[in-house]
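Notes for the structure review
The lines below spell out each chain.
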Amino acid sequence: MRRHLFILEFALSGLCRRRYKNLALLVAYSLLIFIISSILFLTHALKREAELLLQSSPEITVQRLMAGRHALVPVDWVDTIVSIPGVIDASPRYWGYYYDPFTGANFTVLGVRSSEFPLKGREDLDPEDCLIGSGVSETGLLRTGDSLVMVDPEGIARPFRVAGVFSTSSSILTNDLVVLKEETIKRFFQIPEGYAVDLVVRVANPSEIDTIAKKIKEKIPSSRPITRTEILRTYESLFDWRSGMVLSMFIGALLAFFIFAWDKATGLSAEERREIGVLKAIGWDSSDIMEMKFWEGLVLSSLAYLTGTITGFVHVFMLGAPLLESALKGWSVLFPSLKLRPVIEVYQLMVLLFLTVVPYMAATIAPSWKAAMTDPEEVIRS
Amino acid sequence: MKYRRFLILLITESLILLGLLLWGHYRGQTEFVRLTGLKDLVTSLMLTDLSIWTEARYTRHPSQTDLFSAFQDCPGCLEHFPSGSIVSVPPHLRRPEEIP
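Here is a short report on the structure shown in this document. All values derive from a computational prediction rather than experimental measurement. (Residues numbered from 1 in each chain as written. Chains lettered and ligands numbered in written order. Predicted model: local features only at pLDDT ≥ 70, side-chain atom pairs only at ≥ 80, totals over all residues. Heavy atoms only, no water.)

Quick notes on the interface of chain B and chain A
Contact with chain B, which involves 53 residues of that partner, is made by 84 residues of chain A. Approximately 6300 Å² of surface area, both sides summed, lies buried where chain B meets chain A, with 68% of it carried by carbon and sulfur atoms. Ranking the residues of chain B by area buried against chain A places Met46(B), Leu50(B) and Trp53(B) at the top, with a combined share of 12%. The interface formed by chain B and chain A contains 2 salt bridges. (Contact = heavy atoms within 4.5 Å. Buried area = accessible area lost by both parts, 1.4 Å probe. Salt bridge = Lys/Arg side-chain N within 4 Å of Asp/Glu carboxyl O.)

With respect to the pairing of strand S6 (residues 105-112) of chain A
All names here are of chain A. Burial of S6 is extensive: 7 of the 8 residues sit out of reach of the surface. Summarising the sheet, strand S5 (residues 95-100) and S6 pair through 6 bridges and their orientation is antiparallel. Each residue of the ladder has a partner; that of Gly96, found in S6, is Val109. Direction of pairing for S6 relative to strand S10 (residues 177-181): parallel, over a ladder of 5 bridges. Paired with Val109 across the strands is Val178, a residue of S10. (Buried < 20%, exposed > 50% of the residue type's maximum accessible area, 1.4 Å probe, protein only. Helix = DSSP H or I, 4+ residues; strand = E, 2+ residues; numbered from the N terminus. Pairing = 2+ DSSP bridges.)

Here we look at the packing of helix H10 (residues 270-281) of chain A against helix H11 (residues 286-318) of chain A
All names here are of chain A. Running from N to C, H10 and H11 cross one another at 140 degrees; their axes reach a closest spacing of 10 Å. When the axis of H10 is compared with that of H11, the two are oblique. Note that H10 runs across H11; the crossing there is right-handed. Contacts between H10 and H11 involve Glu272, Glu275, Ile276, Leu279 and Lys280 from the former and Ser286, Ile289, Met292 and Lys293 from the latter. (Axes fitted to C-alpha atoms, helices over the stretch in contact; angles between N-to-C directions. Parallel < 35°, antiparallel > 145°, perpendicular 65-115°, else oblique. Left-handed = near helix turned anticlockwise from the far one by under 90°.)

Observations concerning the pairing of strand S4 (residues 87-93) of chain A
Residue and element names in this part refer to chain A. For S4, a buried count of 5 out of 7 residues is recorded, marking the element as mostly surrounded by other parts of the structure. Pairing analysis gives 6 bridges linking S4 to strand S12 (residues 198-203), with the strands arranged antiparallel. Each bridged residue has a counterpart across the sheet, and for Arg93 the counterpart in S12 is Asp198.

What about the sheet that holds S5(A)?
All names here are of chain A. Pairing in this open sheet of 6 strands is mixed, and the strands run S5-S6-S10-S7-S9-S8 from one edge to the other. Taken across any chain shown, the strands that pair with only one partner, and hence form the sheet edges, are S5 and strand S8 (147-151). Mean inter-strand twist for the sheet, computed between neighbouring axes without regard to direction, equals 35 degrees. Set on the sheet, helix H6 (residues 182-189) makes contact with S5, S6, S8, strand S9 (157-165) and S10; between it and S10 the angle comes to about 105 degrees.

Concerning the side chain of Asp100(A)
Residues and elements named next belong to chain A. If you trace the backbone, Asp100 turns up in strand S5. At 13 Å, Arg143 is the nearest oppositely charged side chain to Asp100, a buried residue that forms no salt bridge. Among the polar contacts listed, one links the side chain of Asp100 to the side chain of Thr103, at a separation of 2.7 Å. In this structure, Asp100 is in contact with Ala105, Phe107 and Val149, ignoring residues within four places of it in sequence. (Lys, Arg positive; Asp, Glu negative; His and termini not counted. Polar contact = N/O pair within 3.5 Å; in protein donor to acceptor, adjacent residues only side chain to side chain.)

Focus on the environment of Gly24(B)
Mapped onto the fold, Gly24(B) is located in helix H1 (residues 2-45). Dropping the residues within four chain positions of it, Gly24(B) is found in contact with Phe313(A) and Pro342(A).

Quick look at the nonpolar core
The biggest cluster of nonpolar side chains holds 108 residues, and the ones touching the most others in it are Leu42(A), Phe107(A), Leu148(A), Met150(A), Val178(A), Leu45(B) and Leu50(B). Take this core: its biggest share by element is 15 residues, from helix H2 (residues 19-53) of chain A. Counting 17 residues, the second largest nonpolar core, distinct from the first, contains Val87(A), Leu199(A), Ile209(A) and Ile212(A). (Core = buried A, V, L, I, M, F, W, Y, C linked by side-chain atoms within 4.5 Å.)

Brief notes about the packing of aromatic side chains
Residues and elements named next belong to chain A. All told, the structure shown has 12 aromatic pairs over all chains when counted by the stated rule. Geometrically, the ring pair formed by Tyr29 and Tyr360 is tilted, given 4.6 Å between the ring centres and 40 degrees between the ring planes. You can see Tyr29 sitting in helix H2 and its partner Tyr360 sitting in helix H13 (residues 346-373), a full 331 residues away along the chain. Taken together, Tyr98, Phe107, Phe160, Phe188 and Phe189 form an aromatic cluster joined through their ring pairs. One residue, Arg17, lies across the ring of Phe10, its end atom 5.9 Å from the ring centre. (Phe/Tyr/Trp six-rings, centres within 6.5 Å; stacked < 30°, edge-to-face > 60°. Lys NZ or Arg CZ within 6 Å of the ring centre and 35° of its normal.)

Right, here's the structure in full:
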């Protein structure tokens, strides 16, 4: 044990002799782990949040495709769908997008029936009232009692009184929402009578959802049923660290790390080679030199791993990932505050460990092994 | 002895990480209650997507996009198709106030 501690002590002294170089290395290494861990933590937390929340999304959403594009759905499809055994209910949904030229933001305008009214303490919305998400409220500087003005397809400005603002705690769902009464949204978007934007189908037995979706497609060939599983899978793949958006952010950081490790692996500096030669000449075994290099790698990578992981955690779960926000935001004017539920699994910490520490350790030990195997005189002279 | 200082630093950092994970676990349980409350909102408003990216309809509602074009209509946006990734954004789209 004492022998190992002495070799560790020697390795630390070696690192201290090249303190500025190693300090710079530690900072760069920690920064890379910070970026990679931030991306991993953020996407994993978003994935889990989507998974939890969208479990309550509609079992089946039915769209209509016409000439290869979405089209309004005839409300009489409801009767056809309800006649399928296992379907409890089918109801039309009225919603759309509104581009607000004053703020440059896109709102999602949603119609609700009285029975679905989401504001506690009130039973209904007046036809000229609306509920808005916190993002809409902040962007338009609107408070309860103010008027939200939206221009209808005829170019007439329609004021809607803000009856309530969704709390910021629900902003991941409601940030850009403008909720109107169903009749109001139909009138505002001029949706023809007998049509809806899509249909929502409730199914008695969740295991029958796929079968019922197939039956809907058979009965109405121009329909496009989207099941809840498909919704959940969409978010799972969207936030999976191995695919899509995340990979595009992740790959840069990872490539930087591999260049860093590759640089380390391609060889030792003349000073390091001379040190190995001298140590061998005074009687160190190759195994001792390997152990010393192992300790050097372990000291740097364990400190960088812990520092990077701690700062990544604080960045994502305590500060709301401000450095990643601009990358995620894109052109979005409205972007929810990312107050995410801290979900960290051992799997993530292991992924981080294997992606960063293991290649670095290998990159440190491999060239040292080569140098340690060579004759000391040759090493010193070279 | 340098190794003592190193071990103290290592243990301190490990304890900080452990503390953060424990805090995360505790906070996660509190947040779980909040999110469970939000599930009622998803049900009552019949929501299908999270309100994260509001810049385009296929990013606002990724689960409801067309079958044939996952990222459509917007040159310069993240694209499945190579041409969409290399065509730059028309200048008038960069200045929302000029859109009639």
